[in-house]
Amino acid sequence: MNSEQPTYEELRRQALAAAEPRTRRADTAIACDRLVRIFSADGVEVQALQGLELAVERGDLVALVGASGSGKSTLLNILAGLDVPTAGSATVEGFDLLGMSAKDRLRYRREAVGFVWQQTARNLLPFLTAAQNIALPMQLTGRRGRGAAGRQADRVARLLEALEISDLADRRPAELSGGQQQRVAIAVAMANDPAVLLADEPTGELDSETGAAIFEAFRTVNRELGATVVIVTHDPLVAGEVRRTVAIRDGRTSSEVLRRTVTDEHGAESVSEREYVMLDRTGRVQLPHKFLEALGMEHRVAVDLAADHIEVRPDTAQDPSA
Ligand SMILES: Nc1ncnc2c1ncn2[C@@H]1O[C@H](COP(=O)(O)OP(=O)(O)OP(=O)(O)O)[C@@H](O)[C@H]1O
């Protein structure tokens, strides 16, 4: 470093002064830190999650994308309280998903999170009507006493209305289309007013038009009912519609796309998007394959500190032993 370049300490001071205040913990709905899930089957170990880090703010709507087998469903099952991680930490709305007692886990699954599956039939009981399916989770939490039945009926009506299915209240699942079933499923998942709604490929069995309408229903739930929503999807249309898309690669969060609406000087709105790669606590980043390929980078790269960024260059150094 020559004498005109700022020192590390000066850069650190400048960066701290310029940084936005960190998101307060109170605003975080989901926090996963170095999350590991190892499955053992027939003596073979599969590391489905390999130190995954993820923070989701309250009220956010996030899409999780990634190749088949990258760990998306494993993560969602853990967040749903259906599976327990091998190591690391995961907290959702103050519930510690590794340290919960069986009783707390049940309460967590019934009250703190809602879940929508891909298979429309899996979300609903076939012998109950839409309204009865929506009322069931409330009855299971066992809240009784004066006015409980009235409050439940009001909540069912409110959810039917929010999801625009009031006219389907008395139909059984077999009498509903796939898209209508998913709307009812979202209402069921929101019955106990959970803070977090999780969905695994909820539009996977639907045609693209119906899928877009269902995605709009998730938006409604996010906006009008205030739930933090995390959706696993393969659908690029869905992924392209949310403010934040998180990509998972090999059991870790690898990159993120953030979108925001910008208004130009003529008042015209457009969406600008920016891709970020994740930086973990040990300083590891997963650089995009296409960038590495373009510059033929592999194995070893040269890294330099500049005033406001870090430079990564192909390794052109001579091999000292050559
Ligand atoms: N119960 C299990 N037992 C053994 N291995 C498992 C189990 N569940 C998942 N795996 C393995 O963990 C890895 C991650 O699987 P996961 O289902 O989370 O991926 P995914 O990203 O959701 O894939 P897809 O998009 O195909 O659903 C895969 O290699 C999978 O085979």
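Residues numbered from 1 in each chain as written. Predicted model: local features only at pLDDT ≥ 70, side-chain atom pairs only at ≥ 80, totals over all residues.

### Re the domain arrangement of the protein chain
Keep this limit in mind: Domain delimitation follows an automatic or database domain assignment.
The assigned domain composition of the protein chain is domain 1 (25–263) and domain 2 (287–322). Each of domain 1 and domain 2 has a C-alpha centre, and the two are 40 Å apart.

### Some thoughts on unusual backbone geometry
Our working rule: Runs of H or I in DSSP of at least four residues are treated as helices and runs of E of at least two as strands, each being numbered from the N terminus. Three exposure classes are used. Buried residues have 20 or more other C-beta atoms within 10 Å of their own C-beta, exposed residues have 12 or fewer, and partly exposed residues fall in between, all C-beta atoms being placed from the backbone.
Positive phi is not limited to glycine here, since Arg 34 has a value of about 45°. The residue Arg 34 is located in strand E1 (residues 28–41) in this model. With 18 C-beta atoms packed within 10 Å, Arg 34 lands in the partly exposed category. Notably, Glu 201 is not glycine yet its phi reads approximately 50°, a positive angle.

### Remarks on the site of the ligand
The line we're drawing: Nearness here is judged by the C-beta atom: place it from the backbone, and if it falls within 6 Å of a molecule or strand, the residue counts as near that partner. Three residue categories are used. Nonpolar comprises Ala, Val, Leu, Ile, Met, Phe, Trp, Tyr, Cys and Pro, charged comprises Asp, Glu, Lys and Arg, and polar comprises the others, including Gly.
Around the ligand lies a shell formed by Phe 39, Ala 41, Val 46, Ala 48, Gly 66, Ser 68, Gly 69, Ser 70, Gly 71, Lys 72, Ser 73 and Thr 74. At the level of secondary structure, the elements contributing two or more residues to the shell around the ligand comprise E1, strand E2 (44–57) and helix H2 (72–79). Here the shell around the ligand gets three residues from one element, more than from any other, and that element is H2. In terms of residue class, the shell around the ligand is built from four nonpolar, seven polar and one charged.

### Considering the sheet that holds strand E7 (residues 196–200)
Quick reminder of the rule: We treat two strands as partners when DSSP finds at least two bridges between them. Axis angles are defined between N-to-C directions and span 0 to 180 degrees, where every axis is a line fitted to C-alpha atoms and, for a helix, only to the segment in contact. Any residue pair is listed as a contact if its two C-beta atoms, each placed from the backbone, are within 7 Å.
Read across the sheet, seven strands follow the order E6-E7-E8-E3-E9-E10-E11 without closing on themselves; strand pairing throughout is mixed. Of all strands in the sheet, those with a lone pairing partner are strand E6 (113–116) and strand E11 (269–277), marking the two edges. Mean inter-strand twist for the sheet, computed between neighbouring axes without regard to direction, equals 20°. On top of the sheet, helix H6 (residues 178–189) reaches E6 and E7; it is set at about 165° to E6, its chief contact. On the sheet, helix H7 (residues 208–224) packs against strand E3 (61–65), E7 and strand E8 (228–232) and is oriented at approximately 155° with respect to E8.

### Digging into the pairing of E11
Counting buried residues along E11, only zero of its nine residues qualify, which leaves the element largely exposed. Both strand E10 (residues 252–263) and E11 contribute to a ladder of nine bridges, which runs antiparallel. By the bridge assignment for E11, Val 257 is matched with Glu 275.

### With respect to the sheet that holds strand E5 (residues 95–96)
With antiparallel pairing, the four strands of this open sheet are ordered in space as E2-E1-E4-E5. One side of each edge strand has no neighbouring strand; the edge strands of this open sheet are E2 and E5. As judged from the two bridges shared by strand E4 (residues 87–92) and E5, these two strands associate in the antiparallel manner. Its bridge partner being in E5, Val 92 is matched across the sheet by Phe 95. This element, H2, spans E1, E2 and E4 of the sheet and lies at about 65° to E2.

### Structural notes on H2
Since one α-helical turn is 3.6 residues long, residues separated by three or four positions face the same way. Along H2, six of the eight residues are buried, which leaves the element largely enclosed by surrounding structure. Gly 81 sits one or two positions beyond H2 and adopts a positive phi of about 80°.

### Some thoughts on the confidence of the model for the protein chain
For the record, the criterion: pLDDT runs from 0 to 100 and stands for how confident the predictor is about each residue.
Averaged over every residue, the pLDDT of the protein chain is 87; the share at 70 or more is 93%. Our summary of model confidence lists the complex with pTM equal to 0.85 and ipTM equal to 0.96.

### Regarding the pairing of E3
Here E3 lies mainly inside the structure; five of its five residues are buried. The side-chain alternation of E3 yields two buried faces, one formed by Leu 61, Ala 63 and Val 65 and the other by Val 62 and Leu 64. Inspection of the sheet shows E3 paired to E8 by four bridges, in the parallel sense. In the sheet register, Ala 63 faces E8, and the bridge partner there is Ile 231. Across four bridges, the pairing between E3 and strand E9 (residues 244–249) is parallel. Along E9, the bridge assignment pairs Leu 64 with Val 246.

### Concerning the environment of Val 277
Assignment of secondary structure puts Val 277 in strand E11. As a C-alpha pair, Val 277 and Leu 136 span 141 residues in sequence and 42 Å in three-dimensional space. Aside from chain neighbours lying at most four places away, what touches Val 277 is Ser 254, Ser 255, Val 285, Gln 286, Leu 287 and Pro 288.

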